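# Breakdown of the fold
Single-letter residue listing:
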Amino acid sequence: MDRQSFMEKLENHLKPLSEDERKEVLYDFHEHFEIGKLEGKGEHDISDELGHPKAIAKDHLTYHHISKAEEQHSISNITRATFSTISLSLLNILFVLGPFLGIAGVYLGLVIASITLTGSPIILLIAASFDTIVSFWPSLFLSLIAAGLGLLLCIAMIHLGRFLYRHLVNYMKFNLSIVKGGRS
Amino acid sequence: MNVQFKKGALELCVLLLISQQDQYGYELAQNISKKIQIAEGTLYPLLRRLTKEKWLTTYFAESKEGPSRKYYSITEEGERHLQSLVEEWEHFSIAVNQFIEEGTHG
């Protein structure tokens, strides 16, 4: 394809990037076409040698998503990075999506458990307002103990969450390096 | 040539070439294409990643004919990383060659 089409397609596929990053990436290809032109190479030949804009953009985006997840901790970042890594190769569906879903499921279960435990005194009081509860006071004390345990579990979950996030990012970088070659 | 072989060795080749001589993207693409056929465009994401990891650094240099060019240069950390890649590669290729020897003569 000609230079204009190549650059337009590339720019289009790089939309997820910030404007600054996109400009930097496009600059490299602008320079490449300019030098090729100086050496007398035709636009179509240069474009053929460069390959498909979509594939090139995909490489850029995957690494971008992973490093963004690393710098800015958030659920949307890590999800995007996970799916971007997965799109690199089918094998990654097994090795990234599988563990990701499994761990996310367990983590979510523990978070729900900790919230439920913490809220148990309130649940008990609500139930008591509807109907008298046999051995109310012992139940209340037990629920307070449960709430205490729940709070501890909440704190543990926050720490575990940070730990898992960091390690998931590292695992994906590791996967990226296996697919792309070389260590990251 | 097998795509998987290429992917694994590309980072190594890029760092090797740049450690011997600073070069700009187009130059690097030409040098690699002489020996290995690749989609040259994928070198740029690789160069960008290697730069972000601080194994390469860049600078602009004027050129008599044409635009100023962005040169890539290897850093000290990059040299160390290259060393470990070379060692890994050497161990790996010795092992593969041994398998081939045993496979074809054993």
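Up top is the structure these notes are about.
Below you will find a few notes about this structure. (Residues numbered from 1 in each chain as written. Chains lettered and ligands numbered in written order. Predicted model: local features only at pLDDT ≥ 70, side-chain atom pairs only at ≥ 80, totals over all residues. Heavy atoms only, no water.)

What the three strands build is an open sheet, ordered S1-S3-S2 (chain B); its pairing is antiparallel. Each having just a single partner strand, strand S1 (23–24) and strand S2 (56–61) of chain B make up the two edges of the open sheet. (Pairing = 2+ DSSP bridges. Helix = DSSP H or I, 4+ residues; strand = E, 2+ residues; numbered from the N terminus.)

This next bit is on the pairing of strand S3 (residues 69–74) of chain B. The buried fraction of S3 of chain B is high, at six of six residues. On S3 of chain B, burial covers both faces: Arg69, Tyr71 and Ser73 of chain B on one face and Lys70, Tyr72 and Ile74 of chain B on the other are all buried. (Buried < 20%, exposed > 50% of the residue type's maximum accessible area, 1.4 Å probe, protein only.)

Our focus in this paragraph is the interface of chain A and chain B. The interface is formed by 29 residues belonging to chain A together with 32 residues belonging to chain B. Between chain A and chain B lies a buried interface of about 2,600 Å² when both sides are counted; carbon and sulfur atoms form 53% of it. Inspection of the region where chain A meets chain B yields four salt bridges. Lys52 of chain B is the partner of Glu21 of chain A in a salt bridge, and the nearest nitrogen-oxygen pair spans 3.3 Å. There are 10 residue pairs in polar contact (both at pLDDT 80 or more) connecting chain A and chain B. Contributing elements (two or more residues each) for the side of chain A that touches chain B: helix H2 (19–38), helix H3 (43–50), helix H4 (53–71) and helix H7 (136–180) of chain A. In terms of residue count, H2 of chain A provides more of the side of chain A that touches chain B than any other element does, 12 residues in total. (Contact = heavy atoms within 4.5 Å. Buried area = accessible area lost by both parts, 1.4 Å probe. Salt bridge = Lys/Arg side-chain N within 4 Å of Asp/Glu carboxyl O. Polar contact = N/O pair within 3.5 Å; in protein donor to acceptor, adjacent residues only side chain to side chain.)

Attention now moves to the nonpolar core. Phe29 of chain A together with Val14 of chain B are the most contacted members of the largest nonpolar core, which has 35 residues in total. When neighbours within four sequence positions are excluded, Phe29 of chain A is seen to be in contact with Phe6, Met7, Leu10, Leu50, Ile56 and His60 of chain A together with Gly41 and Tyr44 of chain B. Val96, Leu97, Tyr165 and Leu168 of chain A belong to the second-largest nonpolar core, a separate cluster that totals 14 residues. (Core = buried A, V, L, I, M, F, W, Y, C linked by side-chain atoms within 4.5 Å.)

Turning next to the packing of H2 of chain A against helix H2 (residues 25–35) of chain B. At a minimum axis separation of 9 Å, H2 of chain A and H2 of chain B run at an interaxial angle of 70°. Judged by the angle between their axes, H2 of chain A and H2 of chain B are roughly perpendicular. Judged by residue contacts, Glu31, His32, Ile35 and Gly36 of chain A of H2 of chain A engage Gly25, Tyr26 and Ala29 of chain B from H2 of chain B. (Axes fitted to C-alpha atoms, helices over the stretch in contact; angles between N-to-C directions. Parallel < 35°, antiparallel > 145°, perpendicular 65-115°, else oblique.)

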